[in-house]
Structures are given as C-alpha cells and as structure tokens.
Amino acid sequence: MTSTTNTTLAPTLLSRVRRSRSVLAAIGLLLLTAVVLTWAARPGSTGQLDPDSAEPTGARALARLLTDQGVQVETVRTAEDAARASATDSTLLVIRPDLLRERALERLATATPNRLVLVEAAGPALHELVGDVRVAGSVPVQARDPQCSQSDAVRAQAADTGALTYAATESAPGEFGCYPGDGEASLLLRPPRGDRPETVLLGASQLLTNERLALQGNASLATGLLGSQPTLVWYLPALVDPLDAATAPASVSSLLPAWVPWVVLQLLITGFAAALWRVRRLGPVTIEPLPVIVRSAETTEGRGRLLRRAGGRDRAAAALRMATRTRIAAQAGLPPAASAQAVAQAATVQAAARGVALQPRAVSDTLYGPPPADDAELRRLALALDRLTSVSAVPNPDAPVRPMRTPSAPASTDPATDPAAGPATGAP
C-alpha cells in the first residue's frame, strides 16, 4: 500500500514571521523610541533637579533636607502657578529659566517672593527677571572658596561652583559676588531694588544634585540660599509653557505633541538605514519560472552565429584559446597570471599522461599562435584545442582514416603479414 503525502507550497506563519523579522524589528524600535520620547517630553520627567527624583541628577536629597528644617517645598510646573504660589514669605527657585519665553517671563516677573533664585540663567530670562546683570564668562565647575563676606557662603566655605559667571553693570549696596569674586562671580546676590525682590544668581546647578550635595560645603550653601523663608516654590519649567502656547498662532505643528517631530526624524533615519541595508544585501539567486525550457547551449550557439556572420574568426579563436588556457592552468594548479611557457608545458604533460605525445612548440603555437585565416583553419584550431583538454584524444583531422576491419574477415595469425597479431604460441 502506497501512502501519499500532501505537500503544500503555501507559506506558513513561521516562514512569514521569519521573512518579516526585519520589518517587525524596525516597528518595535520605532514604538520603543516613541515611548521613550513621550516619557522624556513630560514636564520634569527627566529627573534633572526634580525634588521628587532620586537619580544622581535629581534633587530629592535637598528637598528632604529642607523639609526636615521646617521649609515647605511646593513643586510647580507653569509660570502661572509659580507666580500665584509666590508670596512675601517664600523663596521662588527657577530651574532652567532659559526655557521660558516672552509671556511666561512677563508673568513670572509679576511674582512677589521674598527671594528669587535663578539657576544657570542667561539670555532673555536674565534681562527680564534681573535687569542690569550680564553673563561675564564660563569657568569649570570645581570646589572654590567663597572669597566674599556673605553669611551663607562664609558658613559653607568651599563649594562646587563655576559654569556661568555674572557681573553687574552697576554695583548696588549690599550686593555680594562669591565664587570666585573679583567682579565676576558664579554666585551673585543682589538686594531688593524697586519692585524686584532679592535675587540670587547661581551659575552652576551641580551643587543642588543628589550626587554632589554631600560634597564640600554644597549642602550648607544650598540650604542657606533656599531655606531662608518658610516656603520654597520649586519651579520646573516645561518645554512649552501654557502661556506661550496660548499666544502662539494656531498651526498644524502647534497642535501636535512635542515628541512628534522627534518620532518623524527617527522614522526618516530608520527608513534611510533600512534602505541602505537592503540595497547592500546579497541574497540567494532567485529562480524565475520560464514559459519555455531554454537549452543551456543556446547562448553559446547564438554567440557563435553572430561571430560567424560578422566574420570574427580572430575573436572566436581568442575566446577558445583563453578558455583552454584557463582550464589547463586550473587543472595544473597554476595561477591565473602564469606564463605562456608554463601553460604550454603543463598542457604537454597532461596530454602525455593521457597517452598523447605532443611537441611543446606545437602546443605553444596552438595556445598562443596567430589568428586563423579562414573557417577551415578555425575548425582545425578548435579541434586541436579540444585535443589538449579532452579526456580521450581527438584524432588529427588531416590524417587518413584507416578502414575498420569487418567482422566476417578472419584474423591472420602471421606476424609478418599482420602487425597487430600477437606472436605464435605453438604448432597446430
């Protein structure tokens, strides 16, 4: 009994998944990138100087330290909340004020805290919130002595300061420039002037972070600057404040989330990389089903007809000789750039191994001689070249053909009359 097995050529689910694994991997990478960018675009989600973050760049340790000293820490995310929460008995701490735009800065300037602390302020924020102070330069962040008489700096002594340095265009009584001092300070304290509260400019934010708070006098300086009032309003600006978003002209891009451009950029980069990868990939040879069966020698025959029609005996002879030389060199283990003498000698040795005696000079003329003058000479050249490489030697086309012996003719046993007969073994 013969069992029949049904074979299907339809692709299975596993084969489809294998063929699409690169596409699935790209889609997964894009989804992961979108999730990361969405998480990173949230206000304060990066953890940098966030009072709720325990990361090395966070500031939970400082917030807990201030809370233990009786300071109420209130975290806000918008300029409106920061201005509303600030009162005469509070300190307003602004992290990264350069993120704020025109409307948010104007609203923040109306706040009335007892002390305003700006961390790494520059540009429009410095001009709008402080006034007659400019950025003097930049220095490395390292432990420095205060070199001033301000009480908080004197109590803290050395602290990790640096980064931006400030200089006031007009000095005011009660103004302190510390770390390193001499008119350009990374810590500048300005007394109240007109409707502006007491302002503290801190050029480096590193001393507020979890990883550096316990070093040098960082904790003492940070708690002294931020813990002088019962309430600390900790303002972490978002990438786009609602006040600035409300005044911006409505457009398609303004209605999209902030992470959309980054996702589009990731898509473009991934698509370009995938295109390069697929272009450079060398996959298996694809076999295309043909409507008819084409003989393998058809191309060779067609090329031969073209050469014959064009009278290209020299090209045909050169092609035949090149193929023969290549085959002989490969069989003899010679390099492709072997000399003509070496190839001719190898052909002679190969012919002798098959029982065909050839002269090296004749072999060299066959492999490297002049082009044939007519079709008959081209035919003789082709037979001679085939004779050099074929397993059984091809007879000389110019030699006379000996007639074959008929089966009915008795074979002679006389060695004198028949050279092919063997010696006599005895009398009958």
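Residues numbered from 1 in each chain as written. Predicted model: local features only at pLDDT ≥ 70, side-chain atom pairs only at ≥ 80, totals over all residues. Heavy atoms only, no water.

Turning our eyes to something else, we now look at the overall build of the protein chain. Counting its secondary structure elements, the protein chain contains 16 helices and 9 strands. Among the 428 residues that make up the protein chain, the fraction classed as buried is 32%. Of the contacts made within the protein chain by residues no fewer than 6 positions apart, 63% connect residues no fewer than 24 positions apart. With the model as given, the accessible surface of the protein chain reaches about 26800 Å², and the carbon-plus-sulfur share is 59%. (Helix = DSSP H or I, 4+ residues; strand = E, 2+ residues; numbered from the N terminus. Buried < 20%, exposed > 50% of the residue type's maximum accessible area, 1.4 Å probe, protein only. Contact = heavy atoms within 4.5 Å. Areas by Shrake-Rupley, 256 points an atom, 1.4 Å probe, with all protein chains shown as cover.)

Our next topic: unusual backbone geometry. Here the phi dihedral of Glu 120 falls at roughly 55°; this positive angle occurs in a residue that is not glycine. Along the chain, the position of Glu 120 falls in the loop between strand 3 (115-119) and helix 6 (124-129). Within the chain, Gln 216 stands out as a residue other than glycine whose phi angle is a positive 50°. With respect to the helices and strands, Gln 216 occurs in the loop between strand 8 (198-202) and helix 8 (218-226).

This next bit is on the state of the cysteines. Enumeration according to the criterion identifies 1 disulfide in this entry. The partner cysteine of Cys 148 in its disulfide is Cys 178, sulfur to sulfur 1.9 Å. Disulfide Cys 148 to Cys 178: torsion about the S-S bond roughly 100°, handedness right-handed. With Cys 148 in the loop between strand 4 (133-144) and helix 7 (151-156) and Cys 178 in strand 6 (residues 176-178), the pair connects residues that are 30 residues apart, well separated along the chain. No difference in accessibility class separates Cys 148 from Cys 178, as the two residues are buried. (Disulfide = S-S within 2.5 Å.)

What follows is about the layout of surface pockets. Considered as a void within the structure, the second largest pocket measures approximately 520 Å³ in volume. Counting residues per element, the ones that place at least two in the lining of the second largest pocket are helix 12 (298-310), helix 13 (313-332) and helix 16 (375-389). The element that contributes the greatest number of residues to the lining of the second largest pocket is helix 12, accounting for 7 residues. (1 Å grid on protein atoms, 1.4 Å probe; cavity = no way out; pocket = protein on both sides within 12 Å on 5 of 7 lines; lining within 4 Å. Points joined across faces, edges and corners; volume = space filled by probe spheres on them.)

Quick look at the pairing of strand 8 now. Of all 5 residues in strand 8, 4 are buried; the element is thus mostly enclosed. For strand 3 and strand 8, the ladder comprises 5 bridges, and the chain directions are parallel. What sits directly across from Val 119, in strand 8, is Leu 202. Bridge count for strand 7 (residues 187-190) against strand 8 is 4 bridges, and the pairing is antiparallel. From the neighbouring strand, Arg 190 faces strand 8, where its bridge partner is Thr 199. (Pairing = 2+ DSSP bridges.)

Right, let's talk about the confidence of the model for the protein chain for a bit. On average, residues of the protein chain score 78 in pLDDT, and 80% of them reach the 70 mark or higher. Residue range residues 1-9 is modelled with pLDDT below 50. Its contacts to residues more than four positions away, or to other chains, number 0 contacts. A low-confidence stretch, residues 391-428 stays under pLDDT 50, and its non-local contacts, those more than four residues away or across chains, total 16 contacts. (pLDDT = per-residue confidence, 0-100.)

Pairing is mixed in the open sheet, where 7 strands are placed in the order 1-9-2-3-8-7-6. Lying at the two open borders of the sheet, with one neighbouring strand each, are strand 1 (72-76) and strand 6. Averaged over all pairs of adjacent strands, the angle between strand axes in this sheet comes to 15°, irrespective of strand direction. Those strands touched by helix 8 are strand 2 (90-95), strand 3, strand 7, strand 8 and strand 9 (231-235), and its axis lies near 135° from that of strand 3. (Axes fitted to C-alpha atoms, helices over the stretch in contact; angles between N-to-C directions.)

Across soluble globular proteins, you tend to see nonpolar side chains buried next to one another. Membership of the largest hydrophobic core comes to 29 residues, with the highest contact counts inside it found for Leu 187 and Leu 208. Elements represented by at least two residues in this core include exactly helix 3 (60-68), strand 2, strand 3, helix 7, strand 7, strand 8, helix 8 and strand 9. The element best represented in this core is helix 8, accounting for 4 residues. Here Leu 187 is in contact with Phe 176, Gly 177, Cys 178, Tyr 179, Val 200, Leu 201, Leu 202, Leu 221 and Leu 225, once residues within four sequence places are set aside. Counting residues in each nonpolar core, the second largest holds 24 residues, with Ala 82, Leu 100, Ala 104 and Tyr 166 among its members. (Core = buried A, V, L, I, M, F, W, Y, C linked by side-chain atoms within 4.5 Å.)

The next thing to look at is the environment of Ala 318. Inspection of the secondary structure assignment puts Ala 318 in helix 13. For Ala 318, a relative accessible area of 44% gives the class partly exposed. With 54 residues separating them along the chain, Ala 318 and Pro 372 place their C-alpha atoms 10.0 Å apart.

Attention now goes to the side chain of Arg 190. By the secondary structure assignment, Arg 190 is in strand 7. Accessibility expressed as a relative area gives 4% for Arg 190, which makes it buried. A distance of 2.4 Å separates a polar atom in the side chain of Arg 190 from a polar atom in the side chain of Asp 132. At a separation of 2.6 Å, a polar atom in the side chain of Arg 190 contacts the side chain of Glu 175. Setting aside its immediate chain neighbours within four residues, Arg 190 contacts Val 130, Asp 132, Val 133, Ala 168, Glu 170, Ala 172, Glu 175, Glu 198 and Thr 199. (Polar contact = N/O pair within 3.5 Å; in protein donor to acceptor, adjacent residues only side chain to side chain.)

Looking at where Gln 150 falls in the secondary structure, it is placed in the loop between strand 4 and helix 7. In this structure Gln 150 comes out as buried when scored by relative accessible area, which is 6%. Distance in space between the C-alpha atoms of Gln 150 and Glu 175 is 9.0 Å, their sequence separation being 25 residues. The contacts of Gln 150, once residues within four sequence positions are left out, are Phe 176, Cys 178 and Leu 189.

In this section: the packing of helix 14 (residues 340-353) against helix 15 (residues 360-368). One can describe the packing of helix 14 onto helix 15 by two numbers: an axis separation of 9 Å at closest approach and a directional angle of 120°. Considering only the axes of helix 14 and helix 15, their crossing is right-handed. Judged by residue contacts, Ala 340, Val 343, Ala 344, Ala 347 and Thr 348 of helix 14 engage Pro 360, Val 363, Ser 364, Leu 367 and Tyr 368 from helix 15. When grouped by side-chain class, the residues that make up the contact of helix 14 with helix 15 number 8 nonpolar, 2 polar and no charged. (Left-handed = near helix turned anticlockwise from the far one by under 90°. Nonpolar A, V, L, I, M, F, W, Y, C, P; charged D, E, K, R; others polar.)

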